[in-house]
Amino acid sequence: MAAAGRLSSPRGAPCRLLLTLMVFSFACEGCKNVVFNTPSKLEADKMVGRVNLKECLRSANLIQSSDPDFRVLDDGSVYTASAIMLSDEKRSFTIWLSDMKEQIQKEITVLLQKKVLNKRHTKETVLRRAKRRWAPIPCSMQENSLGPFPLFLQQVQSDAAQNYTVFYSISGRGVDQEPLNLFYIEKDTGNLYCTQPVDREEYDVFDLIAYASTADGYSADLPLPLPIRVEDENDNHPVFTEQVYNFEILESSRLGTTVGVVCATDRDEPDTMHTRLRYSVLEQTPRSPGLFSVHPSTGAITIVSHYLDREVVDKYKLIMKVQDMDGQFFGLVGTSTCLITVKDSNDNAPSFRQNAYEASVDENAFNVEILRIPIEDKDLINSANWRANFTILKGNENGHFKISTDKDTNEGILCVVKPLNYEENNQVVLEIGVSNEAPFAKEVAFRMTTMNRALVTVHVRDQDEGPECNPAAQYARVKENAAVGSKISGYKAYDPETKSSNGLRYKKLRDPEGWFTIDENSGSIQTSKVLDREATTHRNDLYNITVLAIGQDGRSCTGTLVVSIEDVNDNAPAILQNYLVICKPKMEYMDISAVDPDDPIHGAPFYFTLSNTSREINRIWTLTKVNDTAARLSYQKNAEFQEYSIPITVKDRAGQSATKTLRVNLCDCTHPSQCMATSRSAGVSLGKWAILAILLGVALLSSILLTLVCGVVGARKKKGFPEDLAQQNLIISNTEAPGDDRVCSANGFMTQTMNNSGQGFCGTMGSGIKNGGQETIEMMKGGHQTLESCRGHHHAHTLDSCRGGHSEMDNSRYTYSEWHNFTQPRLCEDSIRGHTD
């Protein structure tokens, strides 16, 4: 089965046939005959069949037919040149194959015979070819074809149609799928038709499937894929991706700078002339000069002129054109608008409207505006390229002026920030420069070597003013320990008009120590007290006095008199240590140091010596220098363990000296803290004064107890108290007496501190009345004694306690609670018995 299309037939075949016969008649050879079964009626340009020419003569370069009603193509396809009616059952013609170079000719006899169609019996099987499927010649149709419709496309034929009656059908998109009924096939002939125009942009190919079947529905051949491609027609205009493009470009951009890129699309078939686009600038507004061009293939818009100036034209409008068919005159066209905004660059320097300005200001005025300086700048208003920066280039060496920019008007505002003095300078000439916040463009920077400048002359107006304290701080010197009434130079102010101090009065506003008095008329000062440099701390030995100078009109100024107090060597160096503990033999020496409050020129180096010591001290102890302010105290190895009193003299470089007795405890220990604890424990031993105090206390307590006994006996004889009253005065309490680190008994005894360690004693006595007698309980333990007395008044008995600081001794410590637990039951029992008896 095959599909045939329409082909044109060659002319002059008979002439060529006769010439070929004459030339190659002597070398003609026959090949295998070919038989085609055809209908009795054949239409023009109808494919009859195909002959295998290569099998007969592979090198054939001339193919001819002996019958002008038939023509043969190079691939062996045989077509009718005109409509033919086979009157006989058979018709034949010859195909001549010639090799002109080798002068070889062969012939193939083609026999045409009428096709006799037989009906397939039900039991008969149609043979199908397995190796070769029926395949059509590729078919296509023109997009938007004008017809006439239905439009013949091609004929589909099955090989089985040579022996049987075959019916054709098709399916697929365009037949039984959307778009429906676009194609149909003639059932008997296999002719394929299209019913209406087709848009390729909607359907570019139709994949149909052709079927061949017998009358009873038997598939005579396998289904045949039948693709129909729609040939593109240039029916779509190219379209820009945007209707309006907006681009920006700096006015100082170089030639060739890309402004932007435009892009267009075309719905026609890609990679064809229909979609090959060309860009161009159709129109520019304003027209002259031409500043922009577009790349014909990429659509990139670039600058092609130096005349891009925002101050002249700040917006351009381009009409862009795109044309398919590679820009040929018959191509379709699309347009778009391109708006180009020229951005400002700092290509215009600011300039002053005048070269010189004048202003005036009162002397002593400050923080006042004296002049506004306008400028001109063509750059974009309120941009960094337009905003001005003013600078005072000359004339403001003393910092009297300041210039700033008004953000709204872009004017320079010249102000006086530091008072001017008419007497010193009545006219100031300033040189002002101006630039922009943004740096200049390169071409402007090359063109301008210096900034724009203007001169401003400031006239200072004279004013009547008060005294002037200048300089604000003046200096004087005085030695410490100077006699009261010593005069020194004071503070001097002057009248700026007369340059004189006459007529001015002075007052002292501040004198921290009250050391000086000031003369009201001259401003000189004198000492009112003896100055002591070391008495107070001042910065760098400077003493500040605040002075008020008053003019005749009452105006005043304030200044500072800085008095430098010179040091006198009136202080001897002093040893810092008082008491030292040296552990023998672990510590072989101890360093001592001294300080001197005087100035360093009257201080170190110090000289340490043993002063007026006994022979024993000189034998045991020695002093050696460590540095300028310290010495090392060493002992001999045979020195005994005890406390030594060593007088040491220290002298400064000017000979001022002082002697101090240093207590040194030479102790058998490994650390000085151990000696401290031993010293505190040893302090518990009672001296003669302590023993005397204890005896006096015992005597006093005895007299008190005797008085209590007599009072109780007398009260019992005079009046008895009921039991309930006695019970009301006896309150049993389990609360311990409060403790305190340092307490005092009723008899006035206090704890004592010896050798810088807290060591004390306290005696405690308790008394009770039992059967008219008295009982005294006394306890002393370790290094801690407590004196406690119990006095009776009428029938009430009170136990008061007085406790001292704690002192530690091994296995000999009794707490207050133990003592209270021991005495309280007995005291209470005795008291109750006394009442009951």
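Check the entry above for the structure.
Residues numbered from 1 in each chain as written. Predicted model: local features only at pLDDT ≥ 70, side-chain atom pairs only at ≥ 80, totals over all residues. Heavy atoms only, no water.

Moving on, we get to the overall build of the protein chain. Along its length, the protein chain carries eight helices and 57 strands. Counting only residues that meet the buried cut, the protein chain has 39% of its 837 residues in that class. Long-range pairs, those at least 24 residues apart, make up 67% of the contacts in the protein chain with a sequence separation of at least 6. Accessible surface, the protein chain: about 47,500 Å² in total, of which carbon and sulfur atoms supply 50%. (Helix = DSSP H or I, 4+ residues; strand = E, 2+ residues; numbered from the N terminus. Buried < 20%, exposed > 50% of the residue type's maximum accessible area, 1.4 Å probe, protein only. Contact = heavy atoms within 4.5 Å. Areas by Shrake-Rupley, 256 points an atom, 1.4 Å probe, with all protein chains shown as cover.)

Each strand in a sheet pairs with its neighbour through backbone hydrogen bonds, running either in the same direction (parallel) or in the opposite one (antiparallel). Pairing within the open sheet is mixed, and its four strands lie in the order β45-β51-β50-β47. Whereas interior strands pair on both sides, the edge strands pair on one side only; in this sheet they are β45 (579–584) and β47 (607–610). On average, adjacent strands in this sheet sit at an angle of 35° to one another, irrespective of strand direction. With ten bridges joining them, strand β50 (residues 642–651) and strand β51 (residues 657–668) adopt antiparallel strand pairing. Paired with Tyr644 across the bridge in β51 is Val664. (Pairing = 2+ DSSP bridges. Axes fitted to C-alpha atoms, helices over the stretch in contact; angles between N-to-C directions.)

Here we come to the side chain of Asn421. Of note, Asn421 is situated in the loop between β34 (412–416) and β35 (427–436). Accessibility expressed as a relative area gives 12% for Asn421, which makes it buried. A polar side-chain atom of Asn421 sits 3.0 Å from the main-chain amide nitrogen of Glu423. Apart from the residues within four sequence positions on either side, Asn421 is in contact with Glu363, Glu465 and Glu468. (Polar contact = N/O pair within 3.5 Å; in protein donor to acceptor, adjacent residues only side chain to side chain.)

Glancing now at the state of the cysteines. On inspection of all chains with the given rule, the structure shows four disulfides. Shown here is the disulfide that connects Cys31 with Cys56, its sulfur atoms set 1.9 Å apart. As the torsion about the S-S bond is roughly 75°, the Cys31-Cys56 disulfide counts as right-handed. Placement of Cys31 in the loop between β2 (28–30) and β3 (34–38) and of Cys56 in helix α2 (residues 53–56) is noted, with a sequence separation of 25 residues between them. For Cys56, a relative accessible area of 8% gives the class buried. (Disulfide = S-S within 2.5 Å.)

In this section: the environment of Trp386. Turning to its location among the elements, Trp386 is positioned in the loop between β31 (375–376) and β32 (388–394). In this structure, the C-alpha to C-alpha distance between Trp386 and Asn410, residues 24 residues apart in sequence, is 8.2 Å. Beyond its immediate stretch of four places on either side in the chain, Trp386 contacts Asp377, Asp379, Leu380, Ile381, Asp408, Thr409, Asn410 and Asn436.

This paragraph deals with the environment of Lys315. Turning to its location among the elements, Lys315 is positioned in strand β26 (residues 315–323). Considered as a pair, Lys315 and Lys343 are 28 residues apart in the sequence and their alpha carbons are 9.1 Å apart. A distance of 3.1 Å separates the side chain of Lys315 from the side chain of Thr341, its partner in a polar contact.

The next thing to look at is the side chain of Glu363. Along the chain, the position of Glu363 falls in the loop between β29 (356–362) and β30 (368–373). Although Glu363 lies buried, it forms no salt bridge, and the closest oppositely charged side chain, Arg555, sits 8.1 Å away as judged by the N-O distance. In terms of polar contacts, Glu363 uses its side chain to reach the backbone amide nitrogen of Tyr422, at 2.9 Å. Non-local contacts of Glu363, meaning those with residues more than four positions away in its chain, are made with Leu420, Asn421, Tyr422, Glu423, Val460, Arg461, Asp462, Gln463, Glu465 and Glu497. (Lys, Arg positive; Asp, Glu negative; His and termini not counted. Salt bridge = Lys/Arg side-chain N within 4 Å of Asp/Glu carboxyl O.)

Turning our attention to the nonpolar core. With 28 residues, the main nonpolar core has Phe608, Trp621, Tyr644, Ile646 and Val664 as its most contacted residues. Those elements giving two or more residues to this core turn out to be β45, β46 (589–595), α4 (615–620), β49 (630–635), β50 and β51. Ranked by residues supplied to this core, first place goes to β45 with five residues. With residues up to four places along the chain from it excluded, the contact list for Phe608 reads Ile575, Ile592, Ser593, Ala594, Leu623, Thr629, Ala630, Ala631, Ile648, Thr649 and Val650. One finds Leu153, Val156, Val175 and Phe206 within the second-largest nonpolar core, a separate group that totals 27 residues. (Core = buried A, V, L, I, M, F, W, Y, C linked by side-chain atoms within 4.5 Å.)

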